[in-house]
Amino acid sequence: MSSVAGHKQSPGAGAPLRVGVLGGGAMAAVHLRTLSSSPHTRVVGVAAKTLSTEVLALAELIGTECTSVDRLLESGGLDAVVIATPTDTHADFACLAAEHHVAVFCEKPLARHPAEGERIANAAAAHGTKVAVGHVLRYFPEYEQARRVVLGGKLGTISTARMFRVNASPATVKGWYAEPSRSGGLLFDLAIHDLDWCRWTLGPVRRVYARQSGESGHEVLSVLLRHTGGAIAYVDASWRDTRLQTGLEICGTAGLYRVGGSTDAGFELSLDVAGAPSYLPGDASDSARADNPYRVELEDALGWFAGGPPPRSVLADGLAALRVAAAAEESVRRARPIEVEIDR
């Protein structure tokens, strides 16, 4: 199949969606499992500077090519890409995909800085490209149910919400995680799950105040959000635990809703038989399960790319969550509340 770069050939009606995966780590492996087990997609290539043993094995099992990003995008035989690369590379790859008229599923966070997220938004608008963002917490059943309870009015007017998410640090597993300038650290990697859920459920955030302590890779973080509707949310996160634990409590004028959370609504540190640490999603080994949140979120996005309804988290959602996280980062640095740019 030959084509001119940027003018890809479309698959025939009913043909599988042609998807490329950018990334060679744990999340790339998670999404490769979903893609390889779906009759509606065909993996046409995997691209990354370094591919883990697991990703290499999956690529071989699928029978797909390991190639470069440029070669994959310029092939013309691509409908969508999954971006599961280090956070500071998301913007460049998403913009490059948009220029080639290729739809994008980007792992959270959308980018390292809001300006980079806006660059993605501008490129997507200029080229008519669909962009979905992997805020997977929206697909975990206990968080879906909590949102339904809130929006259904069962708790009355919401006054406060409290969220916590603690885990071991991934910094010892992959070098770029240990560089906050690249990964965003605890705030952008872990706490952003709950920052996004609060905005999704309680509405736009008007003001943020945050405090953080501890050296890189062992931080403790507290974030206070004031929503435009009046609710106040407290989000606590830490990389000083030995395993993932989460929790959620919502208080309204008519009642209190509390859930212990999920041991795999995020990431957990595990040890293989050789004792080597690996930072993997708790549901990674079971991504073929039909109700697996990582599977459902990706299939939701791919369905949208194929002409279906939008998924739960699109570009505007990813950019809004990024702005909240950036405001929290600024608040930590300046030790004062920071106003957030309201969703546009």
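Structure first, text after, so check above.
A short tour of the structure in this document, coming up. For every chain, the first residue of the written sequence is number 1, and numbering continues from 1 onward in sequence order. The predicted origin of the model limits local features to residues at a pLDDT of at least 70 and limits the giving and counting of side-chain atom pairs to 80 or more, whereas totals for whole chains, interfaces and linings rest on all residues. Working from all heavy atoms in the structure, the side-chain values ignore hydrogens and water.

## Re the sheet that holds strand β2 (residues 41-47)
With parallel pairing, the six strands of this open sheet are ordered in space as β3-β2-β1-β4-β5-β6. Only two strands of the sheet have a single partner each, and these edge strands are β3 (66-67) and β6 (131-134). Sheet strands touched by helix α1 (residues 26-36): β1 (17-22), β2, β4 (80-83) and β5 (103-107). Its angle to β2, the strand with the most contacts, is close to 155°. Packed on one face of the sheet, helix α9 (residues 293-305) meets β1, β2, β4, β5 and β6 and runs near 160° to β5. For two strands to be treated as a pair, DSSP must find no fewer than two bridges joining them. Only DSSP runs of H or I reaching four residues or more are called helices, and only runs of E reaching two or more are called strands; each is numbered from the N terminus. Throughout, a contact is declared for two residues whenever any of their heavy atoms are within 4.5 Å. For helices, the fitted axis covers only the stretch in contact; all axes are lines through C-alpha atoms, and the angles between them, taken along N-to-C directions, range from 0 to 180 degrees.

## Observations concerning helix α8 (residues 185-202)
Taking 1.5 Å of rise per residue, 18 residues should cover 26 Å, and α8 covers 25 Å from first to last C-alpha, within 8% of that figure. Note that the bend at a residue is defined as the angle between axes fitted to the seven residues ending at it and the seven residues starting at it. Approximately 60° is the largest bend angle found in α8, and it occurs at Ala 191. Following α8 by one or two positions, Gly 203 has its phi on the positive side, about 95°. The span one expects for a helix is its residue count, reduced by one, times 1.5 Å.

## Some remarks on the packing of α1 against helix α2 (residues 53-62)
Helix-helix packing is described using two parameters, namely the angle between the two axes and the distance between the axes. Remark: α1 packs on α2, axes separated minimally by 9 Å, with the N-to-C direction vectors making an angle of 15°. In this view, α1 runs roughly parallel relative to α2, as classed from their interaxial angle. As for how α1 packs across α2, the hand of that crossing is left-handed. Where α1 abuts α2, its residues Ala 28, Ala 29, Leu 32, Arg 33 and Ser 36 lie against Glu 54, Val 55, Leu 58 and Ile 62. Grouping the amino acids of the contact of α1 with α2 by side-chain chemistry returns six nonpolar, one polar and two charged. An angle below 35 degrees is treated as roughly parallel, one above 145 as roughly antiparallel, one from 65 to 115 as roughly perpendicular, and anything else as oblique. In a left-handed crossing the near helix is turned counterclockwise from the far helix by less than a right angle, and in a right-handed crossing that turn is clockwise. Only Asp, Glu, Lys and Arg are considered charged, only Ala, Val, Leu, Ile, Met, Phe, Trp, Tyr, Cys and Pro nonpolar, and every remaining residue, Gly among them, polar.

## Observations concerning the environment of Leu 73
Mapped onto the elements, Leu 73 comes out in helix α3 (residues 69-74). Between the alpha carbons of Leu 73 and His 100 there is a distance of 6.7 Å; along the sequence they are 27 residues apart. The residues contacting Leu 73, other than those within four sequence positions of it, are Leu 78, Val 81, Leu 96, Ala 97, His 100 and Val 102.

## Description of the packing of helix α5 (residues 114-127) against helix α10 (residues 315-334)
The N-to-C vectors of α5 and α10 enclose an angle of 165°; their axes lie 9 Å apart at closest approach. Overall, the two elements α5 and α10 adopt an arrangement that is roughly antiparallel. Judged by the sense of rotation from one axis to the other, the crossing of α5 with α10 is left-handed. For the pair α5 and α10, the contacting residues are Pro 114, Gly 117, Glu 118, Ile 120, Ala 121 and Ala 124 in the first and Leu 315, Leu 319, Leu 322, Arg 323 and Ala 326 in the second. Partitioned by chemical class, the residues of the contact of α5 with α10 number eight nonpolar, one polar and two charged.

## Some remarks on the sheet that holds strand β9 (residues 220-227)
Spatially, seven strands are ordered β12-β11-β7-β10-β9-β8-β15 in an open sheet, and the strand pairing comes out mixed. Each edge of the open sheet is held by one strand with a lone partner, namely β12 (255-259) and β15 (338-339). As judged from the two bridges shared by strand β8 (residues 205-213) and β15, these two strands associate in the antiparallel manner. If you follow Arg 207 over to β15, its bridge partner there is Glu 339.

## Structural notes on unusual backbone geometry
For the peptide bond that leads from Lys 108 to Pro 109, omega is -10°, which places it in the cis range. Secondary-structure assignment places Pro 109 in the loop between β5 and α5. Residues other than glycine seldom take positive phi values, yet His 101 does so here, at roughly 60°. Structurally, the position occupied by His 101 is in the loop between α4 (90-99) and β5. Taking the relative accessible area as the measure of exposure, His 101 reaches 36% and is therefore partly exposed. In this model, Ala 335 sits at a positive phi of 55°, which is unusual for a non-glycine residue. When you line up the elements, Ala 335 lands in the loop between α10 and β15. To sort residues, take the accessible area from a 1.4 Å probe on protein chains only and compare it with the maximum for the residue type: under 20% means buried, over 50% means exposed, and anything in between is partly exposed.

## Quick word on the nonpolar core
Trp 197, Val 223 and Phe 305 are the most contacted members of the largest nonpolar core, which totals 99 residues. Here this core takes 11 residues from α8, the largest share from any one element. If we ignore the near neighbours within four places in the chain, the residues touching Val 223 are Leu 187, Leu 195, Val 208, Tyr 209, Ala 210, Ala 233, Tyr 234, Val 235 and Ala 328. Joining through side-chain atoms within 4.5 Å is the link that ties buried Ala, Val, Leu, Ile, Met, Phe, Trp, Tyr and Cys residues into a set, and such a set is a nonpolar core.

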